[in-house]
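If you want the building blocks of each chain, they are given just below.
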Amino acid sequence: MRVPRMITVTLAGLVVLAPVAACSSNEPAAGSNPQAEAPEPDPTPTEEPTHPFTGLPGSARRAVLAAKIENTSAGKPQLGLKSADIVYVEQVEAGLTRLMAIFSSKFPPQIGPVRSARISDMHIVPQFGKPAFAYSGAQTKMLPIIAQSSLFDVSDSRAPGAYFRQPGRYAPYNLFANTKQLLAQAPKASKAKDIGFTFGDAPEGGVPRKTFSVKYPSARFTFAWSEAAGKWLIWQDGKKDMAAEGGQLGAPTIVVQYTKTERSEFHDKNQSYTPLVHSTGKGSAIVLRDGQAFKARWSRETEEDGTVFTTAAGEPMNFAPGQVWVVLTSRKPIIP
(Lines give C-alpha, C1' and ligand atoms only; values in the text may rest on other atoms or scores of the structure.)
Protein backbone atom coordinates (compact mmCIF):
# COMPACT_ATOMS: atom_id res chain seq x y z
CA MET A 1 0.00 0.00 0.00
CA ARG A 2 2.99 2.31 0.32
CA VAL A 3 3.46 2.59 -3.42
CA PRO A 4 -0.04 3.93 -4.23
CA ARG A 5 0.27 6.41 -1.34
CA MET A 6 3.50 7.83 -2.76
CA ILE A 7 1.95 8.22 -6.22
CA THR A 8 -0.99 10.07 -4.78
CA VAL A 9 1.27 12.49 -2.97
CA THR A 10 3.31 13.12 -6.10
CA LEU A 11 0.26 13.79 -8.23
CA ALA A 12 -1.12 16.09 -5.61
CA GLY A 13 2.11 18.00 -5.70
CA LEU A 14 1.75 18.43 -9.43
CA VAL A 15 -1.77 19.72 -9.03
CA VAL A 16 -0.64 22.26 -6.51
CA LEU A 17 2.34 23.40 -8.56
CA ALA A 18 0.43 23.83 -11.83
CA PRO A 19 -1.41 27.01 -10.83
CA VAL A 20 1.83 28.49 -9.56
CA ALA A 21 3.49 27.94 -12.93
CA ALA A 22 0.53 29.49 -14.69
CA CYS A 23 0.69 32.64 -12.59
CA SER A 24 4.30 33.20 -13.55
CA SER A 25 3.42 33.50 -17.25
CA ASN A 26 4.08 36.80 -19.08
CA GLU A 27 0.53 36.83 -20.41
CA PRO A 28 -1.76 39.41 -18.76
CA ALA A 29 -4.10 38.17 -16.11
CA ALA A 30 -7.79 37.98 -16.97
CA GLY A 31 -9.59 41.29 -16.80
CA SER A 32 -6.45 43.41 -17.04
CA ASN A 33 -5.57 45.66 -20.00
CA PRO A 34 -2.01 46.91 -19.56
CA GLN A 35 -0.64 49.60 -21.89
CA ALA A 36 2.18 48.54 -24.22
CA GLU A 37 5.48 50.21 -23.43
CA ALA A 38 6.20 53.00 -25.93
CA PRO A 39 9.66 52.85 -27.53
CA GLU A 40 12.03 55.56 -26.34
CA PRO A 41 12.46 58.29 -28.97
CA ASP A 42 15.85 58.58 -30.59
CA PRO A 43 17.85 61.46 -29.14
CA THR A 44 17.86 64.54 -31.35
CA PRO A 45 21.25 64.77 -33.05
CA THR A 46 23.17 67.89 -32.18
CA GLU A 47 25.80 69.45 -34.38
CA GLU A 48 29.27 69.45 -32.93
CA PRO A 49 30.41 73.02 -32.23
CA THR A 50 32.93 74.41 -34.67
CA HIS A 51 35.80 76.80 -34.11
CA PRO A 52 34.96 80.41 -35.03
CA PHE A 53 38.31 80.93 -36.77
CA THR A 54 38.36 77.78 -38.92
CA GLY A 55 34.88 76.25 -39.01
CA LEU A 56 36.40 72.90 -38.05
CA PRO A 57 34.87 70.71 -35.31
CA GLY A 58 36.03 71.60 -31.83
CA SER A 59 34.20 73.13 -28.90
CA ALA A 60 37.30 74.23 -26.97
CA ARG A 61 37.84 77.97 -26.81
CA ARG A 62 41.46 78.57 -25.99
CA ALA A 63 43.50 81.72 -25.68
CA VAL A 64 44.39 83.72 -28.78
CA LEU A 65 48.03 84.30 -29.70
CA ALA A 66 48.92 86.79 -32.45
CA ALA A 67 52.50 86.78 -33.75
CA LYS A 68 54.39 88.96 -36.24
CA ILE A 69 56.28 86.73 -38.67
CA GLU A 70 58.98 87.66 -41.20
CA ASN A 71 57.97 87.29 -44.84
CA THR A 72 61.01 87.99 -47.00
CA SER A 73 63.36 85.46 -48.55
CA ALA A 74 65.89 86.12 -45.76
CA GLY A 75 63.47 84.73 -43.17
CA LYS A 76 62.15 81.73 -45.07
CA PRO A 77 61.14 79.05 -44.46
CA GLN A 78 58.91 80.16 -41.60
CA LEU A 79 58.09 77.87 -38.70
CA GLY A 80 54.59 77.38 -37.30
CA LEU A 81 52.47 78.95 -40.03
CA LYS A 82 50.94 75.61 -40.98
CA SER A 83 49.25 75.50 -37.54
CA ALA A 84 47.82 79.03 -37.66
CA ASP A 85 44.05 79.51 -37.81
CA ILE A 86 44.34 82.80 -39.71
CA VAL A 87 47.26 84.44 -41.50
CA TYR A 88 47.10 88.15 -42.33
CA VAL A 89 49.32 89.58 -45.07
CA GLU A 90 50.16 93.25 -44.48
CA GLN A 91 52.16 95.72 -46.55
CA VAL A 92 55.12 97.31 -44.78
CA GLU A 93 57.91 99.68 -45.79
CA ALA A 94 59.41 99.64 -49.29
CA GLY A 95 56.45 97.73 -50.70
CA LEU A 96 57.34 94.48 -48.88
CA THR A 97 55.01 92.38 -46.75
CA ARG A 98 54.94 90.91 -43.26
CA LEU A 99 52.60 88.36 -41.72
CA MET A 100 50.51 88.30 -38.58
CA ALA A 101 49.59 84.73 -37.64
CA ILE A 102 46.65 84.02 -35.34
CA PHE A 103 46.76 80.83 -33.24
CA SER A 104 44.06 79.41 -30.99
CA SER A 105 42.66 76.03 -32.05
CA LYS A 106 46.17 74.58 -31.97
CA PHE A 107 49.61 75.84 -31.05
CA PRO A 108 52.82 74.66 -32.69
CA PRO A 109 55.67 74.24 -30.22
CA GLN A 110 57.72 77.03 -31.84
CA ILE A 111 57.12 79.92 -34.24
CA GLY A 112 59.30 82.32 -36.18
CA PRO A 113 61.16 84.26 -37.31
CA VAL A 114 59.44 86.77 -35.02
CA ARG A 115 59.78 90.37 -36.21
CA SER A 116 58.76 93.89 -35.23
CA ALA A 117 55.25 95.28 -34.90
CA ARG A 118 53.56 97.81 -37.20
CA ILE A 119 50.80 100.35 -36.69
CA SER A 120 48.36 98.31 -38.85
CA ASP A 121 48.61 95.48 -36.28
CA MET A 122 47.13 97.70 -33.62
CA HIS A 123 44.01 98.16 -35.73
CA ILE A 124 43.55 94.43 -36.41
CA VAL A 125 44.06 92.80 -32.99
CA PRO A 126 41.18 94.47 -31.04
CA GLN A 127 38.62 92.22 -32.77
CA PHE A 128 40.15 89.28 -30.87
CA GLY A 129 39.50 90.91 -27.50
CA LYS A 130 42.79 91.12 -25.67
CA PRO A 131 45.08 88.49 -27.21
CA ALA A 132 48.70 87.70 -26.41
CA PHE A 133 50.83 89.58 -28.97
CA ALA A 134 54.30 88.29 -29.84
CA TYR A 135 56.71 90.59 -31.65
CA SER A 136 60.29 91.82 -31.53
CA GLY A 137 60.64 95.55 -31.17
CA ALA A 138 58.88 98.55 -32.68
CA GLN A 139 59.65 102.15 -33.53
CA THR A 140 60.12 104.22 -30.40
CA LYS A 141 57.17 106.47 -31.23
CA MET A 142 54.93 103.42 -31.46
CA LEU A 143 55.71 101.94 -28.05
CA PRO A 144 53.14 104.10 -26.20
CA ILE A 145 50.48 103.02 -28.72
CA ILE A 146 51.28 99.35 -28.13
CA ALA A 147 51.14 99.92 -24.37
CA GLN A 148 47.62 101.36 -24.70
CA SER A 149 46.36 98.76 -27.17
CA SER A 150 44.02 95.86 -26.44
CA LEU A 151 46.65 93.14 -26.07
CA PHE A 152 48.99 91.40 -23.68
CA ASP A 153 52.56 92.26 -24.62
CA VAL A 154 54.65 89.09 -24.85
CA SER A 155 57.44 90.56 -26.94
CA ASP A 156 61.08 89.55 -26.56
CA SER A 157 61.58 92.50 -24.22
CA ARG A 158 58.64 91.56 -21.97
CA ALA A 159 58.97 87.76 -22.11
CA PRO A 160 62.63 87.19 -22.99
CA GLY A 161 62.66 83.65 -21.64
CA ALA A 162 60.21 82.56 -24.36
CA TYR A 163 62.59 83.49 -27.20
CA PHE A 164 65.73 81.91 -28.60
CA ARG A 165 68.12 82.29 -31.52
CA GLN A 166 67.84 79.52 -34.12
CA PRO A 167 71.22 78.09 -35.17
CA GLY A 168 71.94 78.23 -38.89
CA ARG A 169 70.17 81.56 -39.42
CA TYR A 170 71.46 85.09 -39.04
CA ALA A 171 70.04 88.06 -37.14
CA PRO A 172 67.48 89.49 -37.19
CA TYR A 173 65.95 86.54 -39.01
CA ASN A 174 66.88 83.94 -36.40
CA LEU A 175 64.60 84.93 -33.50
CA PHE A 176 62.06 82.23 -32.66
CA ALA A 177 59.69 81.70 -29.73
CA ASN A 178 58.16 78.87 -27.69
CA THR A 179 54.38 79.26 -27.77
CA LYS A 180 53.81 77.53 -24.41
CA GLN A 181 56.06 80.05 -22.67
CA LEU A 182 54.48 82.96 -24.53
CA LEU A 183 51.00 81.97 -23.34
CA ALA A 184 52.27 81.43 -19.80
CA GLN A 185 53.12 85.13 -19.74
CA ALA A 186 49.55 86.05 -20.69
CA PRO A 187 47.28 83.83 -18.54
CA LYS A 188 44.32 86.20 -19.01
CA ALA A 189 44.54 86.43 -22.80
CA SER A 190 41.12 86.44 -24.46
CA LYS A 191 39.75 83.18 -25.75
CA ALA A 192 38.59 82.65 -29.32
CA LYS A 193 35.20 84.13 -30.19
CA ASP A 194 33.13 85.01 -33.23
CA ILE A 195 34.97 87.46 -35.50
CA GLY A 196 32.43 87.49 -38.32
CA PHE A 197 33.63 84.52 -40.38
CA THR A 198 31.01 82.04 -41.63
CA PHE A 199 31.77 78.55 -42.93
CA GLY A 200 29.75 76.15 -45.02
CA ASP A 201 28.81 75.30 -48.57
CA ALA A 202 29.99 77.63 -51.30
CA PRO A 203 27.39 80.03 -52.69
CA GLU A 204 26.46 80.19 -56.34
CA GLY A 205 28.18 82.55 -58.72
CA GLY A 206 31.78 81.40 -58.45
CA VAL A 207 34.10 81.61 -61.44
CA PRO A 208 36.49 78.67 -61.92
CA ARG A 209 40.10 79.75 -61.43
CA LYS A 210 43.32 77.78 -61.47
CA THR A 211 45.46 80.66 -60.18
CA PHE A 212 45.03 84.13 -58.72
CA SER A 213 47.80 86.67 -58.18
CA VAL A 214 48.15 89.65 -55.85
CA LYS A 215 50.86 92.23 -56.45
CA TYR A 216 52.49 94.58 -53.97
CA PRO A 217 55.10 97.16 -55.00
CA SER A 218 57.94 94.79 -54.04
CA ALA A 219 56.23 91.41 -53.58
CA ARG A 220 53.94 89.10 -55.52
CA PHE A 221 51.74 86.25 -54.34
CA THR A 222 50.25 83.55 -56.55
CA PHE A 223 47.61 81.18 -55.22
CA ALA A 224 47.13 77.99 -57.26
CA TRP A 225 44.27 75.58 -56.63
CA SER A 226 45.26 71.97 -55.91
CA GLU A 227 42.37 69.53 -56.14
CA ALA A 228 44.53 66.80 -54.61
CA ALA A 229 45.48 68.91 -51.60
CA GLY A 230 42.07 70.58 -51.32
CA LYS A 231 43.67 73.99 -50.88
CA TRP A 232 45.26 76.96 -52.62
CA LEU A 233 49.00 76.43 -52.65
CA ILE A 234 51.09 79.56 -52.25
CA TRP A 235 53.92 80.92 -54.35
CA GLN A 236 55.74 84.13 -53.42
CA ASP A 237 57.90 86.02 -55.89
CA GLY A 238 57.77 83.06 -58.26
CA LYS A 239 58.94 80.47 -55.72
CA LYS A 240 57.02 77.86 -53.77
CA ASP A 241 56.29 79.13 -50.28
CA MET A 242 57.63 76.23 -48.22
CA ALA A 243 57.14 75.58 -44.50
CA ALA A 244 60.03 74.77 -42.16
CA GLU A 245 58.03 71.73 -41.02
CA GLY A 246 57.94 70.50 -44.60
CA GLY A 247 55.53 70.90 -47.49
CA GLN A 248 54.20 73.93 -49.30
CA LEU A 249 52.09 76.50 -47.50
CA GLY A 250 48.48 76.73 -48.55
CA ALA A 251 44.92 77.18 -47.29
CA PRO A 252 41.39 76.11 -48.29
CA THR A 253 40.28 79.76 -48.27
CA ILE A 254 42.15 82.84 -49.47
CA VAL A 255 40.48 86.21 -48.89
CA VAL A 256 41.86 89.05 -51.01
CA GLN A 257 40.56 92.05 -49.07
CA TYR A 258 40.91 95.36 -50.91
CA THR A 259 41.55 98.17 -48.46
CA LYS A 260 42.67 101.77 -48.37
CA THR A 261 46.41 102.05 -47.77
CA GLU A 262 47.94 105.39 -46.86
CA ARG A 263 51.08 106.82 -45.29
CA SER A 264 51.27 106.67 -41.51
CA GLU A 265 53.29 108.95 -39.25
CA PHE A 266 55.93 106.24 -38.83
CA HIS A 267 58.96 105.52 -40.98
CA ASP A 268 62.14 103.46 -40.82
CA LYS A 269 65.75 104.67 -40.61
CA ASN A 270 65.84 104.93 -44.41
CA GLN A 271 62.89 107.32 -44.31
CA SER A 272 60.60 104.75 -45.89
CA TYR A 273 57.16 105.46 -44.53
CA THR A 274 55.13 102.71 -42.88
CA PRO A 275 51.82 102.06 -44.65
CA LEU A 276 48.63 102.25 -42.61
CA VAL A 277 46.23 99.58 -43.83
CA HIS A 278 42.64 100.47 -43.02
CA SER A 279 40.84 97.31 -41.92
CA THR A 280 37.65 99.03 -40.74
CA GLY A 281 34.92 100.43 -42.97
CA LYS A 282 33.61 98.75 -46.10
CA GLY A 283 35.04 97.47 -49.33
CA SER A 284 35.24 94.73 -51.91
CA ALA A 285 36.98 91.38 -51.80
CA ILE A 286 37.66 88.24 -53.79
CA VAL A 287 37.20 84.97 -51.92
CA LEU A 288 39.02 81.94 -53.31
CA ARG A 289 37.70 78.51 -52.36
CA ASP A 290 37.07 75.14 -54.03
CA GLY A 291 38.89 76.18 -57.19
CA GLN A 292 36.59 79.17 -57.71
CA ALA A 293 36.73 82.94 -57.23
CA PHE A 294 33.77 84.74 -55.67
CA LYS A 295 33.13 88.46 -55.65
CA ALA A 296 32.35 89.60 -52.12
CA ARG A 297 31.87 92.64 -49.91
CA TRP A 298 33.40 93.22 -46.48
CA SER A 299 32.41 95.46 -43.60
CA ARG A 300 33.81 96.13 -40.15
CA GLU A 301 32.16 98.91 -38.18
CA THR A 302 34.68 99.34 -35.37
CA GLU A 303 38.03 97.88 -34.40
CA GLU A 304 36.34 95.82 -31.68
CA ASP A 305 34.08 94.22 -34.30
CA GLY A 306 34.94 91.33 -36.55
CA THR A 307 34.87 91.55 -40.34
CA VAL A 308 31.71 90.34 -42.06
CA PHE A 309 31.99 89.03 -45.62
CA THR A 310 28.91 88.80 -47.85
CA THR A 311 28.11 87.88 -51.41
CA ALA A 312 27.05 90.44 -53.99
CA ALA A 313 23.45 89.52 -53.08
CA GLY A 314 24.07 90.27 -49.41
CA GLU A 315 24.12 86.65 -48.24
CA PRO A 316 26.88 85.34 -45.94
CA MET A 317 30.03 84.53 -47.90
CA ASN A 318 30.86 81.11 -46.51
CA PHE A 319 34.51 80.08 -46.25
CA ALA A 320 35.72 76.51 -46.67
CA PRO A 321 36.54 74.96 -43.27
CA GLY A 322 40.22 75.19 -42.40
CA GLN A 323 42.95 77.80 -42.33
CA VAL A 324 42.13 81.23 -43.77
CA TRP A 325 44.61 83.67 -45.32
CA VAL A 326 43.46 87.30 -45.38
CA VAL A 327 45.51 89.26 -47.91
CA LEU A 328 45.14 92.98 -47.15
CA THR A 329 45.98 94.83 -50.35
CA SER A 330 45.16 97.75 -52.62
CA ARG A 331 43.63 97.49 -56.07
CA LYS A 332 46.78 99.09 -57.47
CA PRO A 333 50.20 98.58 -55.88
CA ILE A 334 51.16 101.75 -54.03
CA ILE A 335 54.00 102.92 -51.80
CA PRO A 336 52.42 105.66 -49.70
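Whatever comes next refers back to the structure up there.
Keep in mind the model is a prediction, meaning the values are calculated, not measured.

## Here we look at the environment of Gly306
Link 1 in the chain: As for its position among the elements, Gly306 is in the loop between β19 (292-300) and β20 (308-311).
Link 2 in the chain: In this structure the C-alpha to C-alpha distance between Gly306 and Ser279, which are 27 residues apart in sequence, comes to 10.0 Å.
Link 3 in the chain: Residues in contact with Gly306, not counting those within four places in the same chain, are Gln127, Ile195, Ser299 and Arg300.

## Some thoughts on the layout of surface pockets
Link 1 in the chain: Looking at the largest pocket, its volume works out to about 360 Å³.
Link 2 in the chain: Per-class residue counts for the lining of the largest pocket are 7 nonpolar, 6 polar and 6 charged.

## Quick notes on empty space enclosed by the protein
Link 1 in the chain: What the rule picks out here adds up to 2 cavities of 30 Å³ or more.
Link 2 in the chain: Of the pockets and cavities examined, the largest cavity occupies roughly 80 Å³.
Link 3 in the chain: If you go around the largest cavity, the residues you meet are Tyr88, Ile124, Gln127, Phe197, Gln257, Ser279, Arg300, Thr307, Phe309, Val326 and Leu328.
Link 4 in the chain: Residues belonging to the lining of the largest cavity are distributed by class as follows: 6 nonpolar, 4 polar and 1 charged.

## A few points about unusual backbone geometry
Link 1 in the chain: In this chain, Gly112 is followed by Pro113 through a cis amide linkage whose omega measures -5 degrees.
Link 2 in the chain: Mapped onto the fold, Pro113 is located in the loop between β4 (110-111) and α2 (119-124).
Link 3 in the chain: In this chain, Ala171 is followed by Pro172 through a cis amide linkage whose omega measures 0 degrees.
Link 4 in the chain: Secondary-structure assignment places Pro172 in the loop between β7 (163-165) and β8 (175-178).
Link 5 in the chain: For Asp237, which is not a glycine, the phi torsion comes out positive at approximately 55 degrees.
Link 6 in the chain: Considering the arrangement of structural elements, one finds Asp237 in the loop between β12 (231-236) and β13 (239-240).
Link 7 in the chain: Positive phi is not limited to glycine here, since Asp290 has a value of about 55 degrees.
Link 8 in the chain: Relative accessible area serves as the criterion here: at 35%, Asp290 is assigned to the partly exposed category.

## Quick word on the pairing of strand β10 (residues 211-216)
Link 1 in the chain: The alternating pattern of β10 places Phe212, Val214 and Tyr216 on a buried face and Thr211, Ser213 and Lys215 on a face that is not buried.
Link 2 in the chain: As defined by bridge partners, β10 adjoins strand β11 (residues 219-226) across 6 bridges and the pair is classed as antiparallel. When the bridges of β11 are listed, Tyr216 appears paired with Ala219.
Link 3 in the chain: Between β10 and β11, which follow one another and run antiparallel, lie 2 residues.

## Some thoughts on the environment of Lys130
Link 1 in the chain: Mapped onto the elements, Lys130 comes out in the loop between α2 and β5 (132-134).
Link 2 in the chain: When the C-alpha positions of Lys130 and Val64 are compared, they lie 8.2 Å apart, and in sequence the two are 66 residues distant.
Link 3 in the chain: Apart from residues lying up to four places away in sequence, Lys130 is in contact with Ser150, Leu151, Phe152, Ala189 and Ser190.

## With respect to the sheet that holds β4
Link 1 in the chain: In spatial order, the strands read β4-β8-β7; together these 3 strands make up an open sheet with antiparallel pairing. One side of each edge strand has no neighbouring strand; the edge strands of this open sheet are β4 and β7.
Link 2 in the chain: Across 2 bridges, the pairing between β4 and β8 is antiparallel. Bridge pairing in β8 places Ile111 opposite Ala177.

## Digging into the packing of aromatic side chains
Link 1 in the chain: The tally for this structure, following the rule as stated, stands at 12 aromatic pairs.
Link 2 in the chain: By way of ring pairs, the aromatic residues Phe197, Phe199, Phe309 and Phe319 are connected into one cluster.
Link 3 in the chain: The ring of Tyr273 has Arg263 lying over it, and the distance from NZ or CZ to the ring centre is 4.0 Å.
Link 4 in the chain: We note Arg331 situated over the ring of Tyr258; from NZ or CZ to the ring centre the distance is 3.8 Å.

## A look at a positive patch on the surface
Link 1 in the chain: The grouping of Lys282, Lys295, Arg297 and Arg331 at the surface amounts to a positive patch.
Link 2 in the chain: As for its placement among the helices and strands, Arg297 is situated in strand β19.
Link 3 in the chain: The exposure class assigned to Arg297 is partly exposed, which follows from its relative accessible area of 44%.

## Quick look at the environment of Ala184
Link 1 in the chain: Secondary-structure assignment places Ala184 in helix α4 (residues 179-184).
Link 2 in the chain: Since its relative accessible area comes to 53%, Ala184 is described here as exposed.
Link 3 in the chain: Separated by 30 residues in the primary sequence, Ala184 and Val154 have C-alpha atoms spaced 9.5 Å apart.

## A few points about the pattern of salt bridges
Link 1 in the chain: Summed over the entire model, instances satisfying the criterion amount to 7 salt bridges.
Link 2 in the chain: A salt bridge links Glu93 to Arg118; its shortest N-O distance comes to 3.0 Å. Of this pair, Glu93 sits in the loop between β2 (86-91) and β3 (97-103) while Arg118 sits in the loop between β4 and α2, and the two are 25 residues apart along the sequence.
Link 3 in the chain: On the accessibility criterion, Arg118 (12% relative accessible area) is buried.
Link 4 in the chain: Glu262 is paired through a salt bridge with Lys260; the nearest N and O atoms lie 3.8 Å apart.
Link 5 in the chain: Under the relative-accessibility criterion, Glu262 is labelled partly exposed at 29%.
Link 6 in the chain: A residue is classified by how much of its surface remains accessible, and Lys260, at 54% relative accessible area, is exposed.
Link 7 in the chain: Connected via shared salt-bridge partners are Glu70, Arg98 and Arg115.

What counts and how
Residues numbered from 1 in each chain as written. Predicted model: local features only at pLDDT ≥ 70, side-chain atom pairs only at ≥ 80, totals over all residues. Heavy atoms only, no water. Helix = DSSP H or I, 4+ residues; strand = E, 2+ residues; numbered from the N terminus. Contact = heavy atoms within 4.5 Å. 1 Å grid on protein atoms, 1.4 Å probe; cavity = no way out; pocket = protein on both sides within 12 Å on 5 of 7 lines; lining within 4 Å. Points joined across faces, edges and corners; volume = space filled by probe spheres on them. Nonpolar A, V, L, I, M, F, W, Y, C, P; charged D, E, K, R; others polar. Buried < 20%, exposed > 50% of the residue type's maximum accessible area, 1.4 Å probe, protein only. Pairing = 2+ DSSP bridges. Phe/Tyr/Trp six-rings, centres within 6.5 Å; stacked < 30°, edge-to-face > 60°. Lys NZ or Arg CZ within 6 Å of the ring centre and 35° of its normal. Patch = residues over 30% accessible without salt bridge, like charges linked within 9 Å, V, L, I, M, F, W, Y side chains within 5 Å. Areas by Shrake-Rupley, 256 points an atom, 1.4 Å probe, with all protein chains shown as cover. Salt bridge = Lys/Arg side-chain N within 4 Å of Asp/Glu carboxyl O. Lys, Arg positive; Asp, Glu negative; His and termini not counted. Charge placed at Lys NZ, Arg CZ, Asp CG, Glu CD.

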